[in-house]
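Structure assessment
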Amino acid sequence: MLSDRILSLADINLNSPNKGLLSDSMTDVPVDTAVAAQAPAVEGLTDAEAEELRAELAKVEEEVVTLRQVLAAKERHCGELKRRLGLSTLEGLKQNLSRGWHDVQVSNAYVKTSEKLGEWNEKVTQSDLYKKTQETLSQAGQKTSAALSTMGSAISRKLGDMRNSATFKSFEDRVGTIKSKVVSGTESGSDSLPSPTGSGDRPLPEHTPF
C-alpha cells in the first residue's frame, strides 16, 4: 500500500526527532465505514461496484491524511535544521519569495498572460491608428525643429543688419571717441586737469562777514 511506503520513508532516519510520530498518529485517524456502508448506491452502479468505490475512497482519504502528517513532520524537521544551521527567518522568507516568484513565472497563467500582452502590443503597433499617430508626431517634431532653426537664422540676420546699419556705426564711433578721450586724459596725469576753481592759483575771494 501507498501508506506503508510513506511510513517507511518517514521513519528511515532513526536519528530524526520525529521518529515514530506518524505511526502513533495513524491510530487517531477515524474511518467512518458505517456511514459509507449506509450511503445509497449511485444510479448505474451495482452494490458491489459502489462498495468497491467506497472502500477505495476511504483508502485515498487515509492516504491524504498520512501525506499531510508526513508534510507537517518534514516541515518541523526542516525548521529544526535551519535553526541549528543559524539560518534566520528573514533568509527563509527571501528564499520562499524567490521560489514563489519563479513558480509564478513558469506557471501557465503567467506564460499565457505574457503571450497575450505580446500579441496585443503587436496588434497595437501594427494598427493604422498607431501608425498615423506616430507619423503625425514625427511631422510635428520636424516642423517644430524647422521653425526654431528659421527663427534662429532670422535673429542672427537681424543682429548682423543692426551692426551694419548707420545708426549702430555712429553709436560705435561715439563710444570709441569717448573711450579715447578717457584714456588720453588718464595718461596725461593730474597736472593737466583744469583747476576746480577755474582761476589757476588765485586765492579765493574772502567773503565779507555780515
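It should be emphasised that the depicted structure is a prediction, and the values quoted were computed from it without experimental measurement. Note that residues are indexed from 1 along each chain, following the sequence as it is written. With the structure being a predicted model, the display of local features is reserved for residues of pLDDT at least 70 and the display and counting of side-chain atom pairs for 80 or more, all residues being used for whole-chain, interface and lining totals. Values shown for side chains rest on all heavy atoms present in the structure; no hydrogens or waters enter the calculation.

Some remarks on the overall build of the protein
Short version of the rule: A helix here means a DSSP run of H or I that spans at least four residues, while a strand means a run of E at least two residues long, and both kinds are numbered starting from the N terminus. Each residue is placed in one exposure class: buried if its accessible area under a 1.4 Å probe, protein chains only, is under 20% of its type's maximum, exposed if it is over 50%, and partly exposed if it falls in between. Contacts between residues were defined by any pair of non-hydrogen atoms, one from each residue, lying within 4.5 Å. Note on areas: Shrake-Rupley with a 1.4 Å probe; residue coverage comes only from the protein chains shown.
Across its full length, the protein holds eight helices and zero strands. Ordering the α and β elements of the protein from the N terminus gives α-α-α-α-α-α-α-α. Expressed as a percentage of its 210 residues, the buried residues of the protein come to 10%. In the protein, the share of contacts with a sequence separation of at least 24, taken over all contacts with a separation of at least 6, comes to 53%. A total of about 18000 Å² of accessible surface is found on the protein, and carbon and sulfur atoms cover 59% of it.

Observations regarding a nonpolar patch on the surface
Threshold: Exposure above 30% relative accessible area and the lack of any salt bridge qualify a residue for a patch; like charges then connect within 9 Å, and the nonpolar side chains Val, Leu, Ile, Met, Phe, Trp and Tyr within 5 Å. We count a salt bridge whenever a side-chain nitrogen from Lys or Arg sits within 4 Å of a carboxyl oxygen from Asp or Glu.
Taken together, the side chains of Leu148, Met151, Ile155, Leu159 and Met162 define a hydrophobic patch exposed on the protein surface, amounting to about 510 Å² of accessible area. Inspection of the secondary structure puts Ile155 in helix 7 (residues 128–164).

Some thoughts on the pattern of salt bridges
Under the definition given, this model contains three salt bridges. Arg54 is paired through a salt bridge with Glu51; the nearest N and O atoms lie 3.7 Å apart. Remark: Glu51 and Arg54 occur in helix 4 (residues 47–85); sequence separation between them is three residues, near one turn of the helix.

Regarding the packing of helix 6 (residues 108–126) against helix 7
Threshold: Interaxial angles span 0 to 180 degrees and are taken between N-to-C directions of axes, which are lines fitted to C-alpha atoms, for helices over the stretch in contact. Oblique is the label for every angle not falling under 35 degrees (roughly parallel), over 145 degrees (roughly antiparallel), or within 65 to 115 degrees (roughly perpendicular).
Where helix 6 meets helix 7, the axes come as close as 5 Å, and the angle between the chain directions of the two elements is 55°. Taken together, the axis directions place helix 6 and helix 7 in an arrangement best described as oblique. Facing Val124, Thr125 and Gln126 of helix 6, the residues of helix 7 in contact are Asp128, Tyr130 and Lys131.

Quick look at the packing of aromatic side chains
Cut-off, in case you're wondering: Aromatic pairs are defined between Phe, Tyr and Trp rings, using the six-membered ring for Trp, whenever the two ring centres lie within 6.5 Å; interplanar angles under 30 degrees are classed as stacked, those over 60 as edge-to-face, and all others as tilted.
Under the defined criterion, the tally for this structure stands at one aromatic pair. Here the aromatic rings of Trp101 and Tyr110 are separated by 5.9 Å at their centres, their planes lie at 80°, and the arrangement is edge-to-face.

So, the confidence of the model for the protein
Selection rule: Per residue, pLDDT captures the predictor's confidence, and it can take any value from 0 to 100.
Residues at a pLDDT of 70 or more form 68% of the protein, whose mean pLDDT is 75. Within the protein, the element-level pLDDT minimum falls on helix 2 (residues 21–25), averaging 45, and the maximum on helix 4, averaging 93. The low-confidence segment residues 12–29, where pLDDT is below 50, has 24 contacts with residues more than four positions distant or belonging to other chains. Here residues 33–37 is a poorly scored stretch, pLDDT under 50, and it has two contacts once near neighbours within four places are set aside; other chains count.

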